[in-house]
Amino acid sequence: MKRLVIALGGNALGNNPEEQLNLVKHTAKTIVDLCEEGYNVIVGHGNGPQVGMINLAMDFASNNGANTPSMPFAECGSMSQGYIGYHLQQSIKNELNSRKLNKNVVSVVTQVVVDKNDEAFKNLTKPVGMFYTKEEADKIASEKGFTFVEDAGRGYRRVVASPQPKKIVELDTVKQLADNGSIVITVGGGGIPVIEKEDGSLQGVAAVIDKDKSSAKLAKDLDAEMLVILTAVDKVCINFNKPNQKELDNISLKEAAEFKEQGHFAKGSMLPKIEACMDFVEQSTNGKALITSLEKAKDALHGKTGTIIQK
């Protein structure tokens, strides 16, 4: 059975519980469609709005008289994995049942090891949590050692690192479940970032790992035939939003690198997706990467749309 690792973007999940529960019903249909096509599907997903919402609520409650404890960012990430995983596995199972397909669905709370010496820890760039005045930010920074930056004129927000994924802690468990035919939901939000201490124990750190890069790492480690990144567009474009915009159907690793060097992919949107695909294809024996929209995933696997990246 061919193995696919799917990385779900934010458009597949929504920004609040009600919106998310509605959207994932549609997401589930696509995932089950791929199962019916004979693929062994493993699902990774983002958590930007969700972990931000959890972190914001915890920060607000802690700092505004509710007397709740301050919640470390890694713990907020684990909460988001459970919350999103619950919605996804429920919707996927409902869809399987509606088609009378007997298949298990499971979410795995997943830790991902990062290097404590990663340069990202020296250059904190990922905003998280709520907005503060400069006085509030300075006070929290002095008490807790957090780093804050001014964000778009709206106030000061805490920033954390965005390091590279090095090892998926629960990989063997994910593989066993997938080998048994289960649909596995894993590396949520890029995984809970942890570092390995000298005694071999793990410790959570305040960071955000890019979910596309963790999904690429997962696909490589599972020897998947394909990494599928589902986003808001059917195909990747060069000269995006310009008169000479061009859709890409099938490009080589070399061409992807050239387009990247020429600055065709925006840093905050398509660039990390392209980089994740390049990482997977480069390290894979014969794998391909596909970028397309959630709605067109099935068509893309039949070559009708989407952008394929291969050696």
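What comes next is a walk through the structure. (Residues numbered from 1 in each chain as written. Predicted model: local features only at pLDDT ≥ 70, side-chain atom pairs only at ≥ 80, totals over all residues. Heavy atoms only, no water.)

Ranked by size, the top nonpolar core spans 44 residues in total, and within it Val5, Ile42, Leu218, Leu227, Phe265, Ile274 and Ile309 carry the most contacts. Here this core gets eight residues from one element, more than from any other, and that element is helix α8 (residues 270–283). In contact with Ile309, other than residues within four places in its own chain, are Ile251, Leu253, Ala256, Ile274, Cys277, Val281, Lys288 and Ala289. (Core = buried A, V, L, I, M, F, W, Y, C linked by side-chain atoms within 4.5 Å. Buried < 20%, exposed > 50% of the residue type's maximum accessible area, 1.4 Å probe, protein only. Helix = DSSP H or I, 4+ residues; strand = E, 2+ residues; numbered from the N terminus. Contact = heavy atoms within 4.5 Å.)

A few words now on the pairing of strand β2 (residues 39–45). Within β2, seven of the seven residues are buried, which leaves it mostly tucked inside the rest of the structure. A two-sided burial pattern is seen for β2, the buried positions comprising Tyr39, Val41, Val43 and His45 on one face and Asn40, Ile42 and Gly44 on the other. For strand β1 (residues 2–8) and β2, the ladder comprises seven bridges, and the chain directions are parallel. Each residue of the ladder has a partner; that of Leu8, found in β2, is His45. Pairing between β2 and strand β9 (residues 183–185): two bridges, direction parallel. Bridge assignment links Ile42 to a residue of β9, and that residue is Val184. (Pairing = 2+ DSSP bridges.)

The residue Gln81 is located in helix α3 (residues 73–98) in this model. Only 2.8 Å separates the side chain of Gln81 from the backbone nitrogen of Thr110, close enough to count as a polar contact. With residues near it in sequence (within four places) discarded, Gln81 still touches Val108, Val109, Thr110, Val187, Gly188, Gly191 and Ile192. (Polar contact = N/O pair within 3.5 Å; in protein donor to acceptor, adjacent residues only side chain to side chain.)

Let us look at the pairing of strand β7 (residues 156–160). Counting buried residues in β7 gives four out of five residues, a clear majority hidden from the surface. Summarising the sheet, strand β6 (residues 148–150) and β7 pair through three bridges and their orientation is antiparallel. In the strand pairing of β7, Phe148 is matched with Arg158. The antiparallel hairpin formed by β6 and β7 contains five residues in its connecting segment, where Ala152 sits at a positive phi of about 55 degrees.

Let's shift gears to the pattern of salt bridges. The final tally for this structure, using the stated rule, is 18 salt bridges. Glu196 serves as the salt-bridge partner of Lys167, at 2.8 Å between the closest nitrogen and oxygen. Of the two residues, Lys167 sits in strand β8 (residues 167–168) while Glu196 sits in strand β10 (residues 192–196), which places them 29 residues apart along the sequence. Given a relative accessible area of 39%, Glu196 falls into the partly exposed group. The residue Lys175 makes a salt bridge to Asp179 at a minimum N-O spacing of 2.9 Å. Taken together, the positions of Lys175 and Asp179, both in helix α5 (residues 171–179) and four residues apart, correspond to about one turn of that helix. According to the relative accessible area criterion, Lys175 is partly exposed, its value standing at 36%. For Asp179, a relative accessible area of 44% gives the class partly exposed. (Salt bridge = Lys/Arg side-chain N within 4 Å of Asp/Glu carboxyl O.)

Our focus in this paragraph is the packing of aromatic side chains. A complete count under the given rule lists one aromatic pair for this structure. Ring centres 5.7 Å apart and planes at 90 degrees place the aromatic pair Tyr132 and Phe148 in the edge-to-face group. Taken together, the residues span a long stretch of sequence, with Tyr132 in strand β5 (residues 126–132) and Phe148 in strand β6 at a distance of 16 residues. On the accessibility criterion, Tyr132 (9% relative accessible area) is buried. For Phe148, a relative accessible area of 15% translates into the label buried. One residue, Arg157, lies across the ring of Phe131, its end atom 5.0 Å from the ring centre. One Lys or Arg, Arg158, reaches over the ring of Phe146 and ends 3.6 Å from the middle of that ring. (Phe/Tyr/Trp six-rings, centres within 6.5 Å; stacked < 30°, edge-to-face > 60°. Lys NZ or Arg CZ within 6 Å of the ring centre and 35° of its normal.)

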